[in-house]
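Chain and residue survey
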Amino acid sequence: MLNLVLFGPPGAGKGTQSELLKKQYDLVHISTGDVFRALDENSDLAQLAKSYADKGNLVPDEITIQILESEVQKHTDINGVIYDGFPRTTDQAVALDKFLDKKDTAVTLMLSLIVPEDELKERLLERAKVSGRADDANPEIIKTRIANYNKSTAPVAEFYKNQNKLVEINGVGTIEEIFDRLIQAINAR
Ligand code: ADP
């Protein structure tokens, strides 16, 4: 199985590149952010997730891990998965390793998109015009998301580096240029 973790700060282009990679390698794309947003809005779980996400904070690990695992279990007989926006904490990374180990598989590669902070802020504000997402439209919330990324999520790269699975990809350029860089890194494995 090809299990790719697509990593990077908010606005790095994970969603866009995931859709291209999904087609290229016939993978299942799981974005935890999308899964949270797709929950029935009247459910307690959706309300809870929204209470964190709308403020730019991470949803607690216990809930996120459970949601991710049940999302993966929906698919059988697949070539692999693109994990987009998961793991976002080291505890989530440990949980994913254990979960995949039980399924006799493992993370193949972590692809980390590198984009300067100023460009991230511009991209998110631009995306807000079409996404309708409360967490994209407000510069203060964007700041919180980037701060949470630097504090809780960036260390996850170290986790995969220690397993020799981290590849850093320049995330600035055209969508096609970045896609080519990702493909080269995957095919080099
Ligand atoms: P982005 O990558 O642009 O920040 P996402 O759509 O991936 O946006 O996520 C939106 C929000 O959903 C996050 O800010 C967070 O509140 C929540 N979320 C998504 N994935 C996770 C995760 N793995 N752990 C905790 N919270 C998450």
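Above: the structure in question.
Residues numbered from 1 in each chain as written. Predicted model: local features only at pLDDT ≥ 70, side-chain atom pairs only at ≥ 80, totals over all residues. Heavy atoms only, no water.

**Concerning unusual backbone geometry**
With omega at -5°, the peptide bond leading from Phe 86 into Pro 87 counts as cis. Mapped onto the elements of the fold, Pro 87 is located in the loop between strand E3 (80–84) and helix H5 (90–102). In this structure, Asp 26 is a non-glycine residue whose phi angle is positive, near 55°. Of note, Asp 26 is situated in the loop between helix H1 (14–25) and strand E2 (28–31). In the Ramachandran plot, Asn 164 falls in the positive-phi region, its phi being about 60° despite a non-glycine side chain. Residue position: Asn 164 is located in the loop between helix H9 (155–161) and strand E5 (166–170). By relative accessible area, Asn 164 is classed as exposed at 61%. (Helix = DSSP H or I, 4+ residues; strand = E, 2+ residues; numbered from the N terminus. Buried < 20%, exposed > 50% of the residue type's maximum accessible area, 1.4 Å probe, protein only.)

**Considering the side chain of Asn 3**
Its place among the elements puts Asn 3 in strand E1 (residues 2–7). Owing to a relative accessible area of 0%, Asn 3 belongs among the buried residues under this scheme. Only 2.9 Å separates the side chain of Asn 3 from the backbone oxygen of Ala 106, close enough to count as a polar contact. Contact partners of Asn 3, with chain neighbours within four places excluded, come to Gly 80, Val 81, Tyr 83, Leu 100, Thr 105, Ala 106, Val 107, Thr 108 and Leu 109. (Polar contact = N/O pair within 3.5 Å; in protein donor to acceptor, adjacent residues only side chain to side chain. Contact = heavy atoms within 4.5 Å.)

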